[in-house]
Amino acid sequence: MEQNKFVKIFSICAFVAFATVSCWATAESLHLLLPALPLVLSWIITIGFFVIASIGSKLIVDSLNQNIYMEKRGLNLIGGIILLLVFWLICSMPTNTHTFFYRNCIVDVTLDDLKNTEGYLNDIRDNTFAEEKFRLQCADLESKVNAKLEDLRLEIEGPDHGDGPKAQAILVEISELLKCAPITKIDGPTATKQQRTNLVNAYRDKILAQLQQREAAIYLQMVDERKVAQAKKDANTDIKKVQNAIIGLNEMRNSGVQDDATINTANGILKGAYSTVKNYSDMVVFKSDADKDAYTAQNQVTKTTRLLSVIDTWMDFIKGEFAGRGFIFWIIISILVDVAAFVFFDIAFKKSEY
């Protein structure tokens, strides 16, 4: 008798211990998802749901136990399964996993987001994308013009020895490439090789001057100096904030104490930086289409913000976003904690046998 009493008291205490861990994790997840919901209400909801889930687990166990009397055993089994599915599998287990995972990796996710965003802000500050695009377009134009210049040289110095209709046709093509007025014919003798070479060089100088003007026009079309100046100013401001946030998170990690205020501050800085990247997205070289979509979305959501939501976190896990971060491990831990609580609940309130 005394032994049974001890087992019951121990089981109740163990149930309360494991239930407290599970309810804490669920309440934390609900509070992260719904920060406007008072933490006290989150706990009330959580405790209610967990008790109902525990009752569901006991109904299943009792329904399967043939050594006790139970009316409507089948209905009790179905009811227990429904309660367990709704209040544990849909609510408790996912939220517990979310809290365990969030607490374990939020700092790393936020740091990665900050460093990735800093890289895009550096693109804006340095204007590397526009400069590279300008360089490539000019290189392509120079290559085409030089090819036409070589055709012109071969025509003037070739067997026909002169600046005839074919040479003039090439000059028209060069004018079209450079989007300039027709290049006028240069009069001069072409009797000797040197005279023809001099004529080719004269055309070359004239064409290269037009090429420089065209490249200057391309630069003005592609690079808005006022926009670049403002972009650099905005990017520099955000870069300083991002770097300070990175320092703060590293200090928090080294201290071993997780501070939600530091994470929230870093996330606020990220939201501002995301907006800057979106405003100047034409100056950014995105690493992937997923990044481009995230930074240029109408309603931007940082990776840190997504991790606050149990729904978004599970969706990202299903999409394979958390490969290598141990999400499955925290699923197992969550299940074990709840199952342990259910087992002790069933033992503590075990029905007497026939």
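Everything discussed here concerns the structure shown above.
Residues numbered from 1 in each chain as written. Predicted model: local features only at pLDDT ≥ 70, side-chain atom pairs only at ≥ 80, totals over all residues. Heavy atoms only, no water.

1. Remarks on the pattern of salt bridges
This is how it is decided: When a carboxyl oxygen of Asp or Glu lies within 4 Å of a side-chain nitrogen of Lys or Arg, that pair is called a salt bridge. Each helix is a run of DSSP H or I of at least 4 residues and each strand a run of E of at least 2, with the numbering of both proceeding from the N terminus. Only protein chains enter the area calculation, which uses a 1.4 Å probe; residues under 20% of their type maximum are buried, those over 50% are exposed, and those in between are partly exposed.
Summed over the entire model, instances satisfying the criterion amount to 12 salt bridges. The salt bridge partner of Lys-148 is Glu-173, with a shortest N-O separation of 2.6 Å. Residue Lys-148 is located in helix α4 (residues 128-157), and its partner Glu-173 is located in helix α5 (residues 165-178); the two are separated by 25 residues in the primary sequence. Residue Glu-173 is classed as partly exposed on the basis of its relative accessible area of 33%.

2. Quick word on the side chain of Glu-28
Basically, it comes down to this: In this description, contact between two residues means that some pair of their heavy atoms is separated by no more than 4.5 Å.
Note that Glu-28 resides in helix α1 (residues 2-33). Judged by its relative accessible area of 16%, Glu-28 is buried. Ignoring any residue separated from it by four or fewer positions in sequence, one finds Glu-28 in contact with Thr-99 and Arg-103.

3. Structural notes on α5
To keep it simple, the criterion reads: Multiplying 1.5 Å by the helix residue count minus one yields the expected span of that helix. Note that the arc is defined by the directions from the helix axis to the C-beta atoms.
Here α5 contains 14 residues, and its C-alpha end-to-end distance of 20 Å stays within 8% of the 20 Å for a straight helix at 1.5 Å per residue. What α5 keeps buried is the set Ala-167, Ile-170, Leu-171, Ile-174, Ser-175 and Leu-178. Each buried residue of α5 lies within a common arc of 145° when the element is viewed along its axis, so the set occupies one face. Exposed and oriented more than 90 degrees from the buried face of α5 are Pro-165, Lys-166 and Glu-176. One or two positions beyond α5, positive phi appears at Lys-179, with a value near 50°.

Geometric values such as these leave the question of function open.
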